[in-house]
Amino acid sequence: MIYSSSKVALVVGATGLVGSLLTHRLVDSLYYERVKVLVRQPLGWQHPRLQEIQYDFDHPNGLLAQADDVFCCLGTTMKKAGSKEAFRKVDYQYPLDVARLARSNGAHQFFMVSSMGSDVNSRFFYNRVKGEAERDIFAVGFPTFVVVRPSLLLGDRKEFRLGEKIGEGLMRLVNPLVPAKYKAIRADQVANAMLTLAQKNMAGIHIIENDQLQAY
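Residues numbered from 1 in each chain as written. Predicted model: local features only at pLDDT ≥ 70, side-chain atom pairs only at ≥ 80, totals over all residues. Heavy atoms only, no water.

A. Main features of the nonpolar core. Core analysis: the largest hydrophobic core is formed by 34 residues, its most contacted members being Leu26, Tyr32, Phe71 and Met194. For this core, the secondary structure elements donating two or more residues are β1 (7-12), α1 (17-28), β2 (32-39), β5 (109-113), β6 (144-149) and α6 (187-198). The element that contributes the greatest number of residues to this core is α6, accounting for eight residues. In this structure, Met194 is in contact with Val18, Leu22, Phe71, Cys73, Phe111, Met112, Val113 and Val148, ignoring residues within four places of it in sequence. (Core = buried A, V, L, I, M, F, W, Y, C linked by side-chain atoms within 4.5 Å. Buried < 20%, exposed > 50% of the residue type's maximum accessible area, 1.4 Å probe, protein only. Helix = DSSP H or I, 4+ residues; strand = E, 2+ residues; numbered from the N terminus. Contact = heavy atoms within 4.5 Å.)

Here it is, written out as structure tokens:
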């Protein structure tokens, strides 16, 4: 098989909603020769170009974080995390640790799923943590750093989140009336955007807001 490049992709958060869809798209694409995923638990499916790596995010191993392009889809909820400290560890510390290790190994591009409204000065803890993660990963110094900021994600999750299910149902009803900036967005659109943007080899920092993501 002939690939359009010999690049290696690294995905963290491959068991989540966006991460799972993105991983499937990456291995089906001819753009990457190999796709590595750092996981705590097996994905449950295989592909000739997929390399699963059991990874302890609390004790990061730099030797395992080697790739050309990194896709970070890590994220949790306050309810699942159980505390602000645990939430911050998953949504801030883990992504930052991987970013630093990958960059030290020569990674060129870093793509991150953040959130609409992320802001280091936000009075909302969730948005503030997302903003801090963006800020500090940018400081790592990737030649290309792309942040996507989706609104409420639509899609089939492996885990049941009552609050999000209720919100998703309401958003499906009112979505046609909502401005593009705030519309709920399908998770596959976010995954498509990340793969498409990765192939453009853009330099610098790029913030892709929710209304821009709607086009993918």
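Anyway, onward from the coordinates.
B. View of the side chain of Gln189. Relative to the helices and strands, Gln189 is located in helix α6. Judged by its relative accessible area of 7%, Gln189 falls in the buried class. Side-chain polar atoms of Gln189 contact the backbone oxygen of Tyr216, separated by 3.1 Å. With residues up to four places along the chain from it excluded, the contact list for Gln189 reads Leu213, Gln214 and Tyr216. (Polar contact = N/O pair within 3.5 Å; in protein donor to acceptor, adjacent residues only side chain to side chain.)

C. Quick look at the pairing of β1. Within β1, six of the six residues are buried, leaving the element largely enclosed by the surrounding structure. Burial along β1 is two-sided: Lys7, Ala9 and Val11 facing one way and Val8, Leu10 and Val12 facing the other are all buried. This β-α-β element, β1 to α1 to β2, shows right-handed connectivity. Two elements, β1 and strand β4 (residues 69-72), share four bridges in a ladder whose sense is parallel. Bridge pairing links Ala9 to Asp69 in β4. (Right-handed = clockwise from strand over helix to strand, strands pointing away. Pairing = 2+ DSSP bridges.)

D. Spotlight on the environment of Asp119. Summarising the element assignment, Asp119 is placed in the loop between β5 and α4 (125-138). On the basis of relative accessibility, which here comes to 35%, the residue Asp119 falls in the partly exposed class. Separated by 10 residues in the primary sequence, Asp119 and Val129 have C-alpha atoms spaced 7.8 Å apart. The contact partners of Asp119, leaving out residues within four places of it in the chain, are Asn127, Arg128 and Gly131.

Note that all results are geometric; they support no functional claim without further evidence.
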